[in-house]
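An overview of the molecular structure
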Amino acid sequence: GLYNIIYTYITTVWIPDNEEVWQSAEITKNYKAGDRFLQVQLEDGTEINYPVDPAALPPLRNPDILVGENDLTALSYLHEPAVLHNLKIRFVESKLIYTYSGIILVAINPYKQLPIYGDAIIHAYSGQNMGDMDPHIFAVAEEAYKQMARNNKNQSIIVSGESGAGKTVSARYTMRYFATVSKSTSNAHVEDKVLASNPITEAVGNAKTTRNDNSSRFGKYTEISFDQSYRIIGANMRTYLLEKSRVVFQSENERNYHIFYQLCASAMQPEFQHLKLGRSQENNLLFTFNCFIFLGLKEDFQMDIFKTLAAILHLGNVEITAVGDERSSISPEDSHLNMFCELLDLNFDKMTQWLCHRKIITTSETVIKPMTKAQAVNARDALAKKIYSHLFDFIVERINQALQFTGKQHTFIGVLDIYGFETFDVNSFEQFCINYANEKLQLQFNLHVFKLEQEEYMKEDIPWTLIDFYDNQPVIDLIEAKMGILELLDEECLLPHGTDENWLQKLYNNFVNKNALFEKPRMSNTSFIIQHFADKVEYKCEGFLEKNRDTVYEVLMEILKESKFRLCANFFQDNPASISPFSSTINIKSARPVLKPPNKQLRMTVGSKFRSSLSLLMETLNATTPHYVRCIKPNDEKQPFEFDSKRVAQQLRACGVLETIRISAQSYPSRWTYIEFFSRYSILMTQQELSLNDKKQICKIVLQRLIQDPNQYQFGRTKIFFRAGQVAYLEKLRSDKLRHACIMIQKSVRGWLQRKKFLRIKQAAVTIQQYFRGQRTVRSLPHQQCFLFIFFNRVLESHFQSQKEIYEKEIEGLNFKVEHLSQDINHLQKLFREENDINDGIRLEVSRLTSENMVSVVKSNKLNNVSMHLSLSFSELHFKSFYFYIIILITLLYADLKPRGVVVNMIPGLPAHILFMCVRYADYLNDADMLKSFINVTIDGIKQVVKENSEDFEMLSFWLSNTYYFLNCLKQYSGEEEFMKSNTPRQNKNCLKHFDLSEYRQILSDLAIRIYHQFIIVMENNIQPMIVPGMLEYESLQGISGLKPTGFRKRSSSIDDTDTYTMTSILQQLSYFYSTMCQNGLDSELLKQAVKQLFFLIGAVTLNSLFLRKDMCSCRKGMQIRCNISYLEEWLKDKNLQSSNAKETLEPLAQAAWLLQVKKITDDDAKEICEHCTSLSTVQIVKILNSYTPIDDFEKRVAPSFVRKVQAMLNNREDVPQLMLDTKYLFQVTFPFTPSPHALEMIQVPSSFKLGFLTRV
C-alpha cells in the first residue's frame, strides 16, 4: 500500500548511472505493486521503462527544500545518492567544502585558497555551539576544546582520507585553532613552537607524489598538552611508518623528500660548499632553518643534520660495477664514496670492501662471500634507508624535547593525521600496513558511532532495538591474530632461506576456502586478496619479507658504529637511547621452534613493531573522546571545485561515512526537537489544537492525526524520532497547504482588485453626472447666488465666536499656572537661603578641625597611594593649601558622584570645574611647584580611580566626562586666542596669568583617550552577547517560521526559547548607555562617537555571523534584519542622534539584508546588485549569493551561472578579498573644544560634597 502512495506520478527517484554513479528520474506513471517496470523520464527528457525488483525499488529523492543541508543526517531519505547529491550541490554550487554527517565532518579539498581561516573566523567560532554555525574545521576544534574544558576529559581529532585529500592542512588548522584560543600566558610562546614543528616534519617527511605536491609519507599523532586553565603548555609527537623506500627510489613524476631539494638549492652558499652538492630549484630551506632556531635547535645541530643528509645523497651516487656474474666492485677513486666517508668520518677501504662482500658465519667457520651487482646495490640502498630513518626519528625526538614542559599536564587533545585506506595498481607491504591501521581505526569508529546512537535513545527514553552494524573484527583477526598473516610473515623472516613465495604458499594453505575474507586471485600465483571494510585489495607478495626484515648487513653497521662523527655512531649503537617513541616489543611465539638468528636486527620486524605501536595508539584513542574529520579528494586532476562523483562515492564508502548513515537510517534517522516541529508545522495545526498551552502536547496530537501508522515515529523527552521518509511526507503536506493558501490569497486579492477597479469607475461616473447636473442648475438659477453669500458669512461668524471662547479659557488656565509657579519659586528661594546658612555652619565647623583630624580623613580614604606621590616640603601656607587640595581630590574621586548619587542636578563636569579652580588658585599665587604637584596628583588620581573601576561603566562614563571638562577648562582659560573667542569679558578675566599648561593638556588628552577606549570596551563587552541572538536569531515577524530540521547537531537556540536575548534587549542596553552618558554630562559630540562605535560593532558582528550561517541566508531573514535595522534607526531618531553617522556604519548589513530579499535571476538583477551593494566586497556578495537558502518550496536557490555573472561584473572592483569585517576596528576619537557657558564665580559646591573649607579668593 505504501508504494501506491509514494511511487506516484512526478515523484523523483535515483537510478544507477555509469558516469555519475546515480541519476535523477521522474516517475511518469503511477507504480502498482508487483509491476516489473517503472516508467520514468530522465533529466534530459529521455523516457525509459526502468526494470525494477518489487522488493527493492529505486531510492527516492529528497524534496528540494532539504537539499544542501549542513548535516547529511537531516535528510529525510538517507542513502548513497542523497548523500552524494547533497555534497555535490554544497560543493559545486554553494562553494561550501565542509558538511556534517552526524558526528563526522566531511571536508572536500577545494584545491584553492579560501578566505575562511583568518583569526576573525576563529574568534567567530570560539565559544559557539556546533549546530549554530556553518560546518567548519574550527567548529570541530572548538567542540573538542569545549568538551575537554567541560568534562575534564582528553580528546582526539582523527583526520583521515587518501593522499591529496587535505589531511595535513586540516590537522594544521585544528592546531592553529588551539594555539589561537588558548594563548599561553608565559613568554615562551609554546603554541607558536607547536606550530613551528610542522614545517620541519613536513620537510623531512613529505614529498611530491603524482597525487599530491606535499604528501605526508608518514603518519603522526600530535598530543597537545594543556594546563588547568586550558592553556597550551607543550606537545609531543609520535610517528608511524615512514616510507623509507622513497629515499632510494621514486616513481615517474614523483620526488624524494623536500629537505634534499631545499639543501641542494643552498649548495652554493659558503656554509654548505663543503657538502659538495648539486643545484636544485627550491627555496624553503631558510624557512625550515628558522623553525629549527625557533625551537631552540642550535646551528651545529642543524649542520650535523645537513651533513648526514648530504652523505645519504653521495651514497646514492656511488657507482657499483659488475665483475663477471658473481662479483662486483667500487673504484678506489669513487669521489662520492670518498665524500660519504669524509662527511660521516668513516674508513674508506673498509666501506669499499664491505659494500661488495658479505660475511657468513656458520657454527664451524666464517666465510667471506662476494656479492653480485644487484645484491651490492641492495646493500647500499638498505644502508641509505637505515641512516635516513634513524635521522628522521632523531629529528622527531629533538622536536619533542623542545616541546617538553615542566609542570603537570592537566589534559590533552591529540590530532591524528594518518594516511587513509589505499589501493593502487600494485599494492605492497606499505599499503598492507596502512590498510591494517585503517581497519583498526574503522573498528574504533564503528563502536563509537554505535555507542553514541545507543546513548541518544536512552537519553530520550526510547526503546533501543539492536541494530546490526558492520563489524570488521574478523579482518583484523585475519591480519594480527595468532597464526594470522603477520605472524606467518615474521616466522618466514626468521628462516635463513625464507622467501616471499614460500610465505604466500603458507597463506594459501591456511586461509583459502577457510576464511571468507581471504582469496587467491584466479590468474596469479604471486598475490593474495583481502576483503577490507572499504574494498577488496590485491597485494603482490614480492618484497614483503625484505621490507619486513628491514636489515642492513652486520659488518656495515660495525663500520658506522666506529665513526668519529658522534651523531652517526649513536644511530647504530646496540640499544640507542630510545630513538623511537615506542621501545616496547611484543614477543612472538612461533608455532614451531625456530633457530635463533645470530642477527639481533631480525628480532624486531617492521610488522611486529608497527603492530605494537598501533595497539598503543588504539589504547590512547579509546581513552579519549574522538572527533572525526574525513577528507575527500573531489577529482584526480587537482581542479578547483570540480566534483567527480565516481571518485567521491568510492571515498565515502572507504571512510565509513556511508556506514554511519546506514546505522542511522536503520532506525529513526530524522530527529526534531518539539520546538522545531511546532514552528515548522504549526501551519498544519487546527485552531483548536493551537489553543492548548503545552507545545509538546500539541505536537503529539497533531502527529497522531497526520501520520496514521504509530510505528513511523517515537516521542522522546525532548525530540521526536521519525523513520526514513516521514519528514518528506510532512513537507509535502506543508507545501500543499501553503499552495492552497496561496491560491486563496490570489483569489481574494484578484477579487478585491476587480472590486476596487469597479468602484473607481462607478465613482468616476457619479462625479461626471454631478458636474453635469450642477452646470445645468447654475444656468437656470442666477438669482440664488446672493442668498448663498449671506449664508456663508453667517457660518463664518459663528465659527470665530466659538474659537474666541476656547482661547479665553486657555489664557485663564495659563495665568493660574504662572501664579502657581511663582509660589514654587519663593519656596525654593527660602530653601536655598537655609541651605546657605547650613553651609556657613559647616564652614565654621570644618575650620575648627585640628590638623590631626585632617590626617585621619585622608587615611580613612581609599586613596592612600595618591598621597604617596606627594612631597611635603612646602612652606606652611603651601602645605596647608596643598593638603586641602588632596582632600578635595579624594572627595571628588571617591564620593558617590555617579548619576544615582547626589549630583544629579549639578552642572555638567562640576568636579572638573572645582579642580580647575584649585589650579587657578596655584596660578594666582604664582607658585610653580604647587601647580605642578596639583596637576600631577590629579592625573595620577584619575588614573587610579579608572584602574580600580575598569569594568564599571557608570564610573568610567563619569570620569571620561570630567577629564574632558577639565581639559576644556584648561583650554578655555589658557589665555590663548583660539580658545577665547566665545568667552564673556568676565570669563576672560579668569584666565590663567602666569603659566602655560599646554604640555599638561597633551598628557590629559592622552589620558582621556585611554579612558574612552576602556569605556568603549566595557560597553562592547556588555552588548556583544546580545547582538547575534537579538539581531539575527530572534524572530519578531509573525508568519511562517524559518526553522528547518538541523540533523544530528541541534541548534542551541532551538531547544529552549526562554531567557534568550531579543531585539528589545539590545535597544534597552543602548538606552541604558545613553541615559548614563547623558546623566554624566558627556559632551554630545563624544556621545555620538561612542554610539557610532557601538553601531559599527552591532553591524559587523551580525554580518560576520550571517557569513558563517547558511541557515540564516534566506529572504525571510533578510526582512527580519531590515526590520531590526529600522528599530535601531528609530532609536537614533528618538535620541536625536541622526548626525552621529551611526546609521552609515550599518550600511553593509543593510545591503546584505537587501541582497537576501531581491530577485536573483536575470542580467538586470545582477546589474542592480552590483550597483546597489557598494559597501560589500566581491567576496562577501558572492558568499551571500552562494549561501542563499530557500526555506520553502516557493523560493529557489541562486543559480551558479547567476553568481558567475555577478562575479564577472564585479571583477574591476578594487576591493580586499576579505570575508569578515574587523569587529575590533576603532574609529579615531576626537575631543572637540566646547567652551563652558558657566561663569566660575557662580559655581556652587553642593553641601553634600562636604567641602565647606573651600572659600573664594
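On a predicted model such as this, the values are computed, not experimentally measured, just so you know.

Cut-offs applied
Sequence order as written defines the numbering, with residues in each chain counted from 1. At least 70 in pLDDT is required for a residue's local features to be given in this predicted model, at least 80 for side-chain atom pairs to be given and counted, and no such filter applies to totals for whole chains, interfaces and linings, which use all residues. Water and hydrogen atoms were dropped before computing side-chain values, which therefore reflect all heavy atoms in the structure. Comment: elements are numbered from the N terminus, with helices defined as DSSP H or I runs of at least four residues and strands as E runs of at least two. Type-normalised accessible area, obtained with a 1.4 Å probe on protein chains alone, sets the label of each residue: buried when under 20%, exposed when over 50%, and partly exposed for intermediate values. In the analysis that follows, any N or O atom pair within 3.5 Å is treated as a polar contact, provided that within protein one partner can donate a hydrogen and the other can accept it, and provided that, for residues neighboring in sequence, both atoms belong to side chains. The contact criterion used is simple: two residues touch if any of their non-hydrogen atoms lie within 4.5 Å. Two rings belonging to Phe, Tyr or Trp (six-membered ring only in the last case) form a pair when the distance between their centres is within 6.5 Å. Interplanar angles under 30 degrees mark stacking, angles over 60 mark edge-to-face geometry, and anything in between is tilted. UniProt positions are given in the numbering used here, feature names are shortened, and annotations may be inferred rather than shown by experiment. Being paired, for any two strands, means DSSP has found at least two bridges between them. Throughout this description, the term nonpolar core refers to a set of buried Ala, Val, Leu, Ile, Met, Phe, Trp, Tyr and Cys residues connected via side-chain atoms within 4.5 Å. Throughout this description, the term salt bridge denotes a Lys or Arg side-chain nitrogen within 4 Å of a carboxyl oxygen of Asp or Glu. An axis is simply a line fitted to the C-alpha atoms; with a helix, the fit covers only the stretch in contact. Between two such axes, the angle follows the N-to-C directions and lies from 0 to 180 degrees.

Some points on the side chain of Asn 438
Checked against the element boundaries, Asn 438 lands in helix α13 (residues 429–459). The class of Asn 438 is buried, set by a relative accessible area of 7%. A polar contact of 3.4 Å, which involves the side chain of Asn 438, links it to the backbone oxygen of Gly 420. Those residues in contact with Asn 438, other than ones at most four positions away along the chain, are Tyr 419, Gly 420, Phe 421 and Phe 533.

Considering the packing of aromatic side chains
The tally for this structure, following the rule as stated, stands at 50 aromatic pairs. Aromatic pair Tyr 145 and Phe 178: ring centres 6.5 Å apart, planes at 35°, arrangement tilted. Of the two residues, Tyr 145 is situated in helix α4 (residues 137–151) and Phe 178 in helix α5 (residues 167–181); the sequence distance between them amounts to 33 residues. Taken as a pair, Tyr 145 and Phe 178 share a single burial class, namely buried. Where Phe 429 meets Phe 544, the ring centres are 5.5 Å apart and the plane angle is 80°; that geometry is what we call edge-to-face.

Topic: unusual backbone geometry
If you check the backbone angles, Lys 95 has positive phi at about 55° while not being a glycine. For Lys 95, the position within the fold is in the loop between α2 (80–93) and β5 (98–101). For Lys 95, a relative accessible area of 36% gives the class partly exposed.

Focus: the UniProt feature "binding site: ATP" (unreviewed entry) in the protein
On the UniProt side, "binding site: ATP" (unreviewed entry) is annotated at positions that read Gly 161, Glu 162, Ser 163, Gly 164, Ala 165, Gly 166, Lys 167 and Thr 168 here. Its location among the elements puts Glu 162 in the loop between β7 (155–160) and α5. Dropping the residues within four chain positions of it, Glu 162 is found in contact with Lys 167, Arg 211, Phe 421, Cys 631, Lys 633, Arg 647 and Gln 651. Turning to its location among the elements, Gly 166 is positioned in the loop between β7 and α5. On the basis of relative accessible area, Gly 166 is assigned to the buried category, the value being 19%. If near-sequence neighbours (up to four positions away) are discounted, Gly 166 is found in contact with Asn 109 and Cys 631.

Things to note about the pairing of strand β20 (residues 625–632)
On a regular strand, one side chain projects to one face of the sheet and the next to the other, so that they alternate. Summarising burial for β20: eight of the eight residues are buried, a large majority. Burial of the side chains of β20 extends over both faces: Thr 625, His 627, Val 629 and Cys 631 are buried on one face and Pro 626, Tyr 628, Arg 630 and Ile 632 on the other. In this sheet, β20 lies alongside strand β6 (residues 104–108) in parallel orientation, the contact comprising five bridges. In the strand pairing of β20, Ala 107 is matched with Cys 631. One ladder, built from six bridges, connects β7 with β20; its direction is parallel. In the sheet register, Ser 160 faces β20, and the bridge partner there is Arg 630.

Points about the nonpolar core
With 315 residues, the main nonpolar core has Phe 178, Phe 340 and Phe 528 as its most contacted residues. When residues in this core are grouped by element, the largest group, 16 residues, is from helix α36 (residues 998–1033). Not counting residues up to four positions away in its chain, the partners in contact with Phe 528 are Ile 485, Trp 503, Leu 504, Leu 507, Tyr 508, Phe 518, Glu 519, Pro 521, Val 537, Glu 538, Tyr 539 and Phe 544. Among the nonpolar cores identified, the runner-up in size contains 14 residues, and Tyr 7, Leu 42, Val 52 and Leu 57 belong to it.

Points about the pattern of salt bridges
What the rule picks out here adds up to 44 salt bridges. Where Arg 647 meets Asp 636, a salt bridge forms, and the shortest distance between an N and an O atom there is 2.8 Å. Pair noted here: Arg 647 is in helix α21 (residues 645–654) and Asp 636 is in the loop between β20 and α21, with a separation of eleven residues, a long-range link. The partly exposed category is assigned to Asp 636, whose relative accessible area is 38%. A single network of salt bridges, built from pairs that share partners, joins Glu 162, Arg 211, Lys 633, Asp 636 and Arg 647.

Some details on the sheet that holds strand β1 (residues 12–17)
Strand order across the open sheet formed by four strands is β1-β2-β3-β4, with antiparallel pairing between neighbours. Both edges of this open sheet fall to β1 and β4 (47–51), since each of them pairs with a single strand only. Taken over all neighbouring pairs, the strand axes of this sheet differ in orientation by 50° on average, direction set aside. Pairing between strand β2 (residues 21–27) and strand β3 (residues 37–42): three bridges, direction antiparallel. Considered in β3, the bridge of Ile 27 is made with Val 40. Lying over the sheet, α2 contacts β1 and β2, oriented at roughly 100° with respect to β2.

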